[in-house]
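Residue strings, one per chain:
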Amino acid sequence: MRFRVAVIIMLFVTSLLITGCNGAKELDDVAYVLTIGVDAAEGDQLIFTYEVAIPRALASESPGKANLKATVDFVTVTAPTLTEGRNLLNSVLARAPNLSHVTTFVIGEDLARKGLTGFLGMTMRLRTFRGATDIVVVNGKAKDFLMQNTPEEVLPSRWFQAILSTGDDTGYYLRTSLHEFYVRLKSHSGSPYATLMGINPLNGEGRSSGPAASNDNVQHDYLPKDIPRTGGNPATVVGTAVFKGDKMVGMLPSEETRILAMLLGNYPRGFMTITDPLAPQHSINVNLRLGRNPKIDVNISDEHAIISINVFLKGYLAGIPSGINYESAENNSILNQQISEMVRQKMLLMLQQTQELGADIVDFGYYLRPKYATAQEFENLHWDTLYPNAKFNVVVTTHIQLTGLMHKTAPIPSEKMQ
Amino acid sequence: MITNNVITNGYYFLKKLLLYQPPSDPPPFVLEETPDNKPSKSDQVTGELENSFQNLETFLRYANRVIAFLTKANMSLSQGQYSDKTKNLKIEYQALEKQQSELEPILLAYQSGQGVTGERSLSTSLEENRQIIETLYHLPLNKDIVFREIDIASDPLVKTMAVFIDGMVDTKIQNYAIFQPLMLLGSDQRRLYDGDLVDNIIRKYLPTNQVQRVVNFAKLQEGINNGDTALIFDGVAEAILVNTKGWEHRSIEKPSTEPTVRGSQSGFTENLRTNTTLIRTIMRNSDLVTELFKVGRRSQTTVAMLYMKSVANPKLVAEIKRRIQGVCTDDLESSGTLIQFIEDHPLLPFPQSLSTERPDRVGPHLSEGRVALIVDGNPYIHILPVSFFTFFHASEDFSLPLPIANFQRILRFFGALIATVLPALYIAISYFHVEALPTQLLLTIAGSREDIPFPAWFEVLIMEISFELIREAGVRVPGILGTTIGIVGAIILGQAAITAHIVSPAVVVVIAITGLASFTIPEYLMSSAIRVVRFLLLLFSIYMGLVGLATILLWLTVILCSMKSFGMPYMVPIAPRTIAGFDVIVRGPVYSQNQRPDALNTIDQKRQPQISRLWKKKQPAEKGDEE
């Protein structure tokens, strides 16, 4: 009996010793990297900008003090791979670098245009990083963006999390995770896209980019650097970086990103400014949301793809500066038609642009896939060559259901105007 | 012939060491499943046989009485004198005649068909009445019932028997208002048998405030259970209940370790008799049996075992009795010591019996079919067997409205979870799994640790040990000072430790929450057990992180599931899976508690009918129903 007990104890102890649980580190023996910026360097080299947290700054006695101190430190190293960059970082920092708290990868435009394959593979394979890590492309250099980003938040990583999660308030930018990006990259149908960020010059100048619909004279389609603004944090998030394969080929400005969100069924709500159909010198504000997921059907006939899109928008009135009574049934239908037509044209313009870039960022191929029995058959179709020549049938229906808190708009009496 | 060589010898040696050998101890006690309640045919036959056996015994006793009378009559008549004695013979003869009429076969068959129930009427025979009371109160098992036989001074002497429950009666009233007038102040001149004996005694010789005449055992039992003294007279099929109620109640104080918001406020005392009485005032039932034992060769401590005879599993009762009688020691310090002598796993930290100082907690458990153990001189009464989940039930759970009680119960289980794992989880995550913490929280904790010269596990250990010191000191320091020490110790020490950069604020928060949570567990012994487990978890987390935590939790699960509390599985009704009444984690409404706990395998599983709120099925009170 005693022998058996001894054997059991020995086996238990042995099993504890061979677990390999010896990676314990004190919390304050570790340097936490919050964000990694990646830029292209000469040859195959990459420039990594590590944003390393300074925990002491966060643990100050009085809560207000933390803001005054710098909470992060920047280390930039040039290395061929992510892991080599980490090795070099280890030589710079006294503490062991820990990348598990990296929440955002910031990719410089030059690297994005050069191709992300080598870099992405490693992020997906390493256990340190999670698929939910955000990936953003910066209109310019990632290093500059990180250095110039001076948010109100205590931690820059918190700024990234907060601003990316509020994208669904406007639909002006879409959050993209590493996993989604990678899946799109390896798929045979859709192309990847990523959130676009950039540094605004803050000079108050800037103009709308992107084509406008024929019945739209409101110019408000912006890329990060184009927003006319002054003051605040120069870092700006708006628009979408379009990829073909692992290379970035173009950028969609804000309104077009919103159209993309509608087509992805990912447009929760947002204010939209449209030209007043009865008084074109004015504009009307409405808040729109998707009434249902877009109905998309893709057919192949004569080696040509025909893509039918049916979008249903619902919403409420937010402002009628012209004072025309759009609450009435007949005016309402005019307004509905105006919105539908504007969205339809904008959608066609956006899709045309992606066709020119050769990147199916809506992933229309996904809707075609069920029509083939095997993956092989679908792959033989070569969707990427079909897409640029595809024809679109777009139907947009709008229903302005609610009038907000005002029941009826009456114009300002004419005698007062005089 | 093959002889053993070195190799075969080695082989046999190893085989002997490693092969399973059945344990030398006798098999452990396991509470068996009760068979279905339907009585089998053989049971019925035995029942009938028993009845006729009892009938025959009754006849035999009657016959003995007749023989005694005849001898007496013979003696008296042979003297050939007409005297008072002859007159007495007449009275005795009348009593015998009366008893004979009771023994009419039809009547007897009818009465025996009922079994010994309270509905039976009293007999004229004193001996007969005593037999019936003994059956009703499960004598000689039950030691609470006292029979006092007296002779009332009169001509002839009136043979009388006083019956009462020890501890529930006021002895002074009894001595001075019953026994003294009947025995000492009487005289031979009295002719009590002339006319109505009972009426004579009540009117002339019983100077007590309340008396009651009863003719059947139901009333008699009720009176005795309520602390009355029953006087039963020879030759009369009637008894007197004399009001002698008077049990200990002044010295009873509030329970100090089990405070309650809504429950009763009386706690047990050191006096065994007071304690049994306290329980009897809650369970006024003749089914409640008190068995007494003497444990301790030198101390001769009295141990009382209480159970409901018609509910508790007889095997369980027999087993506990066997274990108590099988304790051979010099002295018995307290009920806790006794439990350690008789419980199944004395080496494990988990309590296997519920200790309480609240009579209102013992009552419901007894009626569920459990057994209560009282040790003279100790106010803590142990209830057994219990399951793991009982320790998280507070006594007032059923006094509070359902949602409130359940909220508190869930809070208690959550508190137990926190008290067990929180420090270990903190260490495991901060050492091995930093990615599990939100970035800002992680950086705040890491930042607050920058000034601390010690590793995190040492911080946690320092705080855990100081918390234990404060707790232990609070218990040892008497009275009000104890709480003061707790507050001063906790607040000042924690604050000073942070300011001196000995521990980080995060650790103080973790330990404080853990400490608070451990006090939500109502049972002191269980919270102590959890405290021990917490240290074990902490040690393994320091070494192996979440793997260590999981390892110990797994071992705990194995241990808990293999445990038995006096033959009943400890984790019942989860392992083994049994019919769980709606009172395990959360409780159901009071009217749905229809079954007694399945694992107790009681004689009668049913606690209340399916529809316990009979008024629900009846018409509401209408006009004209008022009295």
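Reading the values: rules and limits
Residues numbered from 1 in each chain as written. Chains lettered and ligands numbered in written order. Predicted model: local features only at pLDDT ≥ 70, side-chain atom pairs only at ≥ 80, totals over all residues. Heavy atoms only, no water. Buried < 20%, exposed > 50% of the residue type's maximum accessible area, 1.4 Å probe, protein only. Helix = DSSP H or I, 4+ residues; strand = E, 2+ residues; numbered from the N terminus. Arc of directions from axis to C-beta. Polar contact = N/O pair within 3.5 Å; in protein donor to acceptor, adjacent residues only side chain to side chain. Pairing = 2+ DSSP bridges. Axes fitted to C-alpha atoms, helices over the stretch in contact; angles between N-to-C directions. Contact = heavy atoms within 4.5 Å. Domains from an automatic or database assignment. Salt bridge = Lys/Arg side-chain N within 4 Å of Asp/Glu carboxyl O. 1 Å grid on protein atoms, 1.4 Å probe; cavity = no way out; pocket = protein on both sides within 12 Å on 5 of 7 lines; lining within 4 Å. Points joined across faces, edges and corners; volume = space filled by probe spheres on them. Nonpolar A, V, L, I, M, F, W, Y, C, P; charged D, E, K, R; others polar. Phe/Tyr/Trp six-rings, centres within 6.5 Å; stacked < 30°, edge-to-face > 60°. Core = buried A, V, L, I, M, F, W, Y, C linked by side-chain atoms within 4.5 Å. Buried area = accessible area lost by both parts, 1.4 Å probe. Expected span 1.5 Å × (residues − 1). Patch = residues over 30% accessible without salt bridge, like charges linked within 9 Å, V, L, I, M, F, W, Y side chains within 5 Å. Areas by Shrake-Rupley, 256 points an atom, 1.4 Å probe, with all protein chains shown as cover.

Undergrad: Which residues make up helix 5 (residues 126-136) of chain B, and what values go with them?
TA: Residues and elements named next belong to chain B. Listing the buried residues of helix 5 in full gives Leu126, Glu128, Asn129, Ile132, Ile133 and Leu136. Along the axis of helix 5, the buried positions cluster into a sector of 160°, meaning they face one direction only. Two to three positions downstream of the cap, the backbone nitrogen of Glu127 sits 3.3 Å from a side-chain oxygen, assigning the N-cap of helix 5 to Ser125. The first or second residue beyond helix 5 is His138, which carries a positive phi of 55°.

Undergrad: So, the sheet that holds strand 10 (residues 381-384) of chain B: which residues are in play, and what are the values?
TA: Residues and elements named next belong to chain B. Strands sit in the order 6-7-9-10-8 across an open sheet of five strands; the sheet is antiparallel. At either end of the open sheet lies a strand with only one pairing partner, and these are strand 6 (288-295) and strand 8 (354-356). Along the sheet, successive strands turn relative to each other by an average axial angle of 25°, direction set aside. Bridging between strand 9 (residues 371-375) and strand 10 involves three bridges; their strand directions are antiparallel. Across the sheet, the residue bridging to Val371 is Leu384, located in strand 10. Together, strand 7 (301-308), strand 9 and strand 10 form the strand contacts of helix 11 (residues 335-342), whose direction differs from that of strand 9 by roughly 125°.

Undergrad: Before we move on, could you go through unusual backbone geometry and cite the residues and values that matter?
TA: Residue and element names in this part refer to chain B. Following Leu139, the chain continues into Pro140 via a peptide bond in cis, with omega recorded as 5°. With respect to the element layout, Pro140 can be found in the loop between helix 5 and strand 1 (145-152). A cis geometry characterises the amide bond from Val572 onward to Pro573, with omega recorded as 10°. Inspection of the secondary structure puts Pro573 in the segment after strand 12 (568-569).

Undergrad: Run through the side chain of Asp246(A), naming residues and quoting values.
TA: All names here are of chain A. Within the fold, Asp246 resides in the loop between strand 8 (235-244) and strand 9 (247-252). In terms of polar contacts, Asp246 uses its side chain to reach the side chain of Thr117, at 2.3 Å. In this view, Asp246 contacts Ala112, Gly115, Leu116, Thr117 and Leu185; residues no more than four positions away in its chain are not counted.

Undergrad: Pulling in residues and values, what's your account of the domain arrangement of chain B?
TA: Each domain of chain B was delimited in the assignment, giving domain 1 (43-115), domain 2 (120-246), domain 3 (272-386) and domain 4 (406-569). Between the C-alpha centres of domain 2 of chain B and domain 4 of chain B the distance comes to 62 Å.

Undergrad: Quick one: what's the story with the pattern of salt bridges, residue by residue and with numbers?
TA: All names here are of chain B. Here the structure, examined in full by the defined rule, presents 48 salt bridges over all chains. Of the charged contacts in the structure, one is a salt bridge between Glu291 and Lys321, with a shortest N-O distance of 3.1 Å. Taken as a pair, Glu291 in strand 6 and Lys321 in helix 10 (residues 314-325) lie far apart in primary sequence, 30 residues in all. Judged by its relative accessible area of 22%, Lys321 falls in the partly exposed class. Between Glu472 and Arg471 there is a salt bridge, with its nearest N and O atoms 3.4 Å apart. Via salt bridges that share partners, Glu464, Glu468, Arg471, Glu472, Arg476, Arg531 and Arg534 belong to a single interconnected network.

Undergrad: I'd like a rundown of the layout of surface pockets, residues and numbers included.
TA: Residue and element names in this part refer to chain B. In this structure, the second largest pocket encloses a volume near 1,100 Å³. Taken together, 44 residues form the lining of the second largest pocket, with Arg65, Lys72, Glu92, Tyr193 and Asp234 sitting closest to its centre. Going through the elements one at a time, helix 2 (41-78), helix 3 (84-102), helix 5, strand 1 and strand 2 (158-165) are the ones with two or more residues in the lining of the second largest pocket. Sorting elements by how many residues they give to the lining of the second largest pocket places helix 3 first, with eleven residues. Looking at the lining of the second largest pocket, its residues break down into 16 nonpolar, ten polar and 18 charged.

Undergrad: How would you summarise the packing of aromatic side chains if you had to cite specific residues and measurements?
TA: Using the criterion set out here, one finds 26 aromatic pairs over all chains in the structure. Measuring from ring centre to ring centre gives 6.3 Å for Phe145(A) and Trp159(A), while their planes differ by 50°; the resulting arrangement is tilted. One end of the pair, Phe145(A), is in helix 7 (residues 142-148); the other, Trp159(A), is in helix 8 (residues 156-165), and 14 residues separate them in sequence. Pair check on accessibility: Phe145(A) and Trp159(A) agree, each one buried. Geometrically, the ring pair formed by Trp457(B) and Phe458(B) is edge-to-face, given 5.8 Å between the ring centres and 85° between the ring planes. Owing to a relative accessible area of 32%, Trp457(B) belongs among the partly exposed residues under this scheme. By relative accessible area, which is 31% here, Phe458(B) ends up partly exposed.

Undergrad: Could you give me a rundown of the nonpolar core, with the residues and numbers involved?
TA: Ranked by internal contacts, the top residues of the largest apolar core, which has 82 residues, are Ile279(B), Phe350(B), Phe392(B) and Met526(B). In terms of residues, this core owes the most to one element, helix 13 (residues 402-432) of chain B, which gives eleven residues. Residues lining this core come from more than one domain, with at least three contributed by each of domain 3 (272-386) and domain 4 (406-569) of chain B. Excluding anything up to four places from it in sequence, Ile279(B) contacts Phe268(B), Leu288(B), Leu306(B), Val362(B), Leu366(B), Ile374(B) and Ile381(B). Val286(A), Ala305(A), Ile339(A) and Ala359(A) belong to the second largest nonpolar core, which has 48 residues in total.

Undergrad: Talk me through the interface of chain A and chain B; I want residue IDs and the actual numbers.
TA: Listed by partner, the interface residues are 30 residues for chain A and 33 residues for chain B. A combined buried area of about 2,800 Å² lies between chain A and chain B, and 63% of that area is made up of carbon and sulfur atoms. Inspection of the chain A/chain B interface yields five salt bridges. Glu450(B) is the partner of Arg95(A) in a salt bridge, and the nearest nitrogen-oxygen pair spans 2.9 Å. Linking chain A to chain B there are ten residue pairs in polar contact (both at pLDDT 80 or more). Looking at the side of chain A that touches chain B, the elements that each hand over two or more residues are helix 1 (2-17), strand 1 (30-40), helix 2 (55-58) and helix 8 of chain A. If one sorts the elements of the side of chain A that touches chain B by residue count, helix 1 of chain A sits on top with five residues. Residue composition of the side of chain A that touches chain B, by class: 15 nonpolar, seven polar and eight charged.

Undergrad: Which residues make up helix 1 (residues 6-18) of chain B, and what values do they have?
TA: Here helix 1 of chain B contains 13 residues, and its C-alpha end-to-end distance of 18 Å stays within 8% of the 18 Å for a straight helix at 1.5 Å per residue. The N-cap of helix 1 of chain B, judged by a side-chain oxygen 3.1 Å from the amide nitrogen of Ile7(B) a few residues on, is Asn5(B).

Undergrad: Requested: an account of the side chain of Asn225(B), with residues and values cited.
TA: Structurally, the position occupied by Asn225(B) is in helix 8 (residues 217-225). Engagement of the side chain of Asn225(B) in a polar contact is seen with the side chain of Tyr137(B), the distance being 2.7 Å.

Undergrad: An account of a nonpolar patch on the surface is requested, with residue identities and associated values reported.
TA: A contiguous nonpolar patch, built from Met1(A), Val5(A), Ile9(A), Val13(A), Leu17(A), Ile18(A) and Tyr543(B) and spanning about 730 Å² of accessible area, is present on the exposed surface. Residue contributions to the nonpolar patch peak at four residues, all from helix 1 of chain A. You can see Val5(A) is positioned in helix 1.

Undergrad: Explain the pairing of strand 1 of chain B residue by residue, including any values.
TA: Residues and elements named next belong to chain B. Pairing of strand 1 with strand 2 involves eight bridges; the strand directions are antiparallel. Bridge pairing in strand 2 places Phe147 opposite Val163. Linking strand 1 to strand 2, which pair antiparallel, is a turn of five residues.

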